[in-house]
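# Inside the fold
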Amino acid sequence: MPFFISMNPHNTKASKNEKNPTGNQTARSALRPAGPKKDPRFIIVTGGVCSSLGKGIAMSSIGAILKASGLKVFVQKLDPYLNVDPGTMSPFQHGEVFVTDDGAETDLDLGHYERFIDEPMSKLSSMTTGKIYTDVLAKERKGDFLGGTIQVVPHITDAIKNAIKNAASESNADIMMVEIGGTVGDIEGEPFLEAVRQLRSDLETGHLYHVHLTLLPYLKGSKELKTKPTQLSVRELRRIGLQPDMILARADYKIPKELLDKISKFCDVSRDAVIPAQTVGSIYDVPLNFQKYNIASIIGNKLGFDDLKPDMSEWEKGHKRHEESVGKEPVPIALVGKYTHLEDAYLSVIESIKSAAAHNGRKAEIVWIDSEKLDQKDEETWANLKRCAGMVVPGGFGLRGIEGKIAAANYARTNKVPYLGLCLGSQILAIEFARSVLNDPQITSEEFDEESKIPNSKYLVHFLPGQHKDRAKGGTLRLGAYECKLKKGSKAYKAYDELGAIGADDMISERHRHRYEFNNEFRSDLEKKGLIFSGSWPESNLMEIVEVEDHPFMIGSQFHPEFKSRPHRPHPLFYGMMKAAIG
C-alpha cells in the first residue's frame, strides 16, 4: 500500500554543472540550531505491522518539509539483508537498483529521497548488514581488535552508529534522517534497533527524534479500522528500549479522531504527534497532507529549532498541475520490459514518465508491454503496444525478451512513434536500426551471444575495456556520473536546451550502470544511413546518445536519465518524448 565504486579505470567523474536543472540543488541554508557548527539532529524512521507501507515516501515527505523550512537534510537507508548492496539482486525480489552520482548501487528508496528532497545521495546513504559485517570482519582479519571476541554488541552496533554519525558529519547536514528497512520484530533488524537505542543515549537530549509508521488495517465485516496492531508494534519497540516520538498511522480510509486519540493514549505519544497518513491520489499530496498537521513545528521544536515555517509553494504548484491534468485524456505510454509484473522494477522510470506528463499538462497511462509476448506474436500484447502514443524501453540485463524489444523498436521507427531507450533500450534502438539499414540480421550485442557463435565483427555492442563475461558481478559496472558532450542541432541537444539544462561547452552530466559500449567501427556506416551520434563521453568518444534522423523523437541514451528526474523538474529526454507523444 504505497503512498501515491566503480572499478572501471575510465571512471572520471563529471564536474558539477550549476546551470543544469536536471542536477540537484545543494545550496546550504544558514538556518541552524544554536551551538557548534557540526551539531546535527537525527530523525529515525521505523515501520511496524507489515512491510510496503511507504516508509520511504513518508520519510522523504518529512525531509522535503524540513528542507522547505531552510534546513539541510541528508538521508541514509539501513537495510537488514546480508547482501553487501542490491546491485546483484533480482528486480523481482528487490525492485530497481538506484545509482548515485558517486556510483553506489542502492535501494530504490534512495530514489524517493532524491526526488522529494532534491539533494544528491551518495555511498554514505546506503548501508546493509552485509556491508557492516564485511567491514567489521575485515578489521578483525587485520588484527584491529587485538584478538578480542567479536560480538554483535558492541562491535556491530558500534559500526552501525559510526556509519550514521559519519554520514551526518560528511554531509554537513542539519538533519540526518535514517530509515531502518523491514519491520519492527524482524530478527535481522534487531542490531539496527539496538544501535538506535544506544545512539539515543549517546546523544544529548533533544538530538534524536523517532518516527514510527504503522498500519491501521480495515475490517470489512465490522467496517472499522483497528489500532491493536499499532499498539503491539509500539510494545515491541518498548521491549527493545525504544519509545517513538511520533506515529504515522497508515490507512486507506479516513481515520476517525477517536482512533487517533486512542493511539496517543495507549502508545504514550503526544496527541499532536499522532499523524494520519491516509492514502492520497498523488505524491504531491503527501508532504502537503503531513504539513496540514504542523509536522515541521512538532519535529523542529523537539529538536531545538525555532518554530519552522516551510515554504510549500513548489509542492502546491505540483498539486495544481496534477489537478489540472485530471479530466484530460491520459496519454498512453508503452513501457516495454521483462519485469512487467512488478512496478518497483522500473520505479524511477515510471515516476519520470509521470513527471514529464504533468509538466506537459497531461496525465500518463502506463501500458505494460511484456517483451517476451511481443516475440511470441501475442495479438493482445501487440494491440496494446499499437494503441500507445509513445514508448519507453528501459534498462536490463540478459537475453530474455530481447527480440521482442527489437521488434518494438522496429515498430516505433517505421511508424514514427516517439521512442526513448534507456541504457539497454539505446542499444536495442541501434541494433534494430543497423539490422534494417545494413540488411544484416546477425548484428547483435556481445551480451546476447551467450554461446559465442556469432563473429565478433557482428557485435554492434561489445564489452567495455576491462570487462568480460567471467568478471565478478558486484560493483564492477561502469557506475555513477560521467560527462556527455551534446551535438548541436540534434534532437537531444534541443531537448536539453529547451529546459535550460546544458552547461558550459555543451556538457551535461548523467548517471550510468552498464558494462557494454557501442562499437565505433560501425559508426561511419550508420551515420551515413541516418543514425546520429548526438552525445559522447569526450575522454574516449564513447557513445552516450543516439537518435534516428528522420523521426519525430527516437532517442536512446547509454545513461539512465530516470535517476535525475524530479517531481518539480522533469528530465529533458522524458519531457521531450512526452511532448512528441502528445503532438
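In what follows, the accompanying structure is described.

Criteria and thresholds
Residues numbered from 1 in each chain as written. Predicted model: local features only at pLDDT ≥ 70, side-chain atom pairs only at ≥ 80, totals over all residues. Heavy atoms only, no water. Core = buried A, V, L, I, M, F, W, Y, C linked by side-chain atoms within 4.5 Å. Buried < 20%, exposed > 50% of the residue type's maximum accessible area, 1.4 Å probe, protein only. Helix = DSSP H or I, 4+ residues; strand = E, 2+ residues; numbered from the N terminus. Contact = heavy atoms within 4.5 Å. Pairing = 2+ DSSP bridges. Axes fitted to C-alpha atoms, helices over the stretch in contact; angles between N-to-C directions. Parallel < 35°, antiparallel > 145°, perpendicular 65-115°, else oblique. Left-handed = near helix turned anticlockwise from the far one by under 90°. Nonpolar A, V, L, I, M, F, W, Y, C, P; charged D, E, K, R; others polar. Patch = residues over 30% accessible without salt bridge, like charges linked within 9 Å, V, L, I, M, F, W, Y side chains within 5 Å. Areas by Shrake-Rupley, 256 points an atom, 1.4 Å probe, with all protein chains shown as cover. Salt bridge = Lys/Arg side-chain N within 4 Å of Asp/Glu carboxyl O. Lys, Arg positive; Asp, Glu negative; His and termini not counted. Charge placed at Lys NZ, Arg CZ, Asp CG, Glu CD. Arc of directions from axis to C-beta.

Right, let's talk about the nonpolar core for a bit. Ranked by size, the top nonpolar core spans 60 residues in total, and within it Ile-43, Ile-62, Ile-175, Tyr-209, Met-246, Leu-248 and Phe-290 carry the most contacts. Sort the elements by how many residues they give to this core and helix H1 (residues 55-68) lands first, with seven residues. The residues touching Ile-43, leaving out its near neighbours within four places in the chain, are Leu-66, Ile-175, Met-176, Met-177, Val-178, Tyr-209, Val-211, Ile-299 and Leu-303. The next biggest cluster of nonpolar side chains, apart from the first, holds 40 residues, and it includes Ala-408, Leu-429, Phe-522 and Phe-533.

So, on to the sheet that holds strand S10 (residues 246-251). Reading across the sheet, the seven strands line up as S5-S2-S6-S1-S7-S10-S11 and stay open at both edges, with parallel pairing between neighbours. Since the sheet does not close on itself, it has two edges, and those belong to strand S5 (126-128) and strand S11 (274-278), each with one partner. Taking the axes of each pair of neighbouring strands and ignoring which way they run, one obtains an average angle of 20 degrees across the sheet. In the sheet, strand S1 (residues 41-47) pairs with strand S7 (residues 208-215) via six bridges, with the strands oriented parallel. Within S7, the residue paired with Thr-46 across the bridge is His-212. Together, S1, strand S2 (73-79), S5, strand S6 (175-180) and S7 form the strand contacts of helix H6 (residues 190-202), whose direction differs from that of S7 by roughly 145 degrees.

At a minimum axis separation of 10 Å, helix H7 (residues 228-240) and helix H8 (residues 257-267) run at an interaxial angle of 25 degrees. When the axis of H7 is compared with that of H8, the two are roughly parallel. Here H7 runs over H8; the crossing is right-handed. Contacts between H7 and H8 involve Thr-230, Gln-231, Val-234 and Arg-238 on the former and, on the latter, Lys-262, Ile-263, Phe-266 and Cys-267. The residue makeup of the contact of H7 with H8, split by class, is four nonpolar, two polar and two charged.

Attention shifts here to a positive patch on the surface. On the surface, a cluster of positive charge is made up of Lys-228, Arg-235, Arg-238 and Lys-262. Considering each element in turn, the positive patch owes the most residues, three residues, to H7. Residue position: Arg-235 is located in helix H7.

Pairing in this open sheet of nine strands is mixed, and the strands run S13-S12-S14-S15-S23-S22-S21-S18-S19 from one edge to the other. Of all strands in the sheet, those with a lone pairing partner are strand S13 (364-370) and strand S19 (507-514), marking the two edges. This sheet shows a mean twist of 25 degrees between the axes of neighbouring strands, independent of strand direction. Strand direction decides the pairing type here: strand S15 (residues 419-422) and strand S23 (residues 554-557), joined by four bridges, are parallel. The residue bridging Gly-421 from the neighbouring strand is Gly-556, located in S23. Running at roughly 150 degrees to S13, helix H14 (residues 379-386) makes contact with strand S12 (331-337), S13 and strand S14 (390-393) of the sheet. Contacts from helix H15 (residues 402-414) reach S12, S14, S15 and S23, with the element oriented near 150 degrees to S14.

Moving on: the pattern of salt bridges. Tallied over the entire structure, the rule returns 36 salt bridges. Arg-413 serves as the salt-bridge partner of Glu-432, at 2.8 Å between the closest nitrogen and oxygen. You can see Glu-432 sitting in helix H16 (residues 424-437) and its partner Arg-413 sitting in helix H15, a full 19 residues away along the chain. Residues participating in the shared-partner salt-bridge network are Lys-55, Lys-77, Asp-79, Asp-107, Asp-109 and Glu-179.

Among the residues of H8, those classed as buried are Leu-259, Leu-260, Ile-263, Ser-264 and Cys-267. Take H8 and look down its axis: the buried residues cluster within an arc of 145 degrees, on one side only. Within H8, the exposed residues directed more than 90 degrees away from the buried face are Lys-257, Glu-258 and Lys-265. At the exit of H8 stands Asp-268, carrying a positive phi of roughly 55 degrees.

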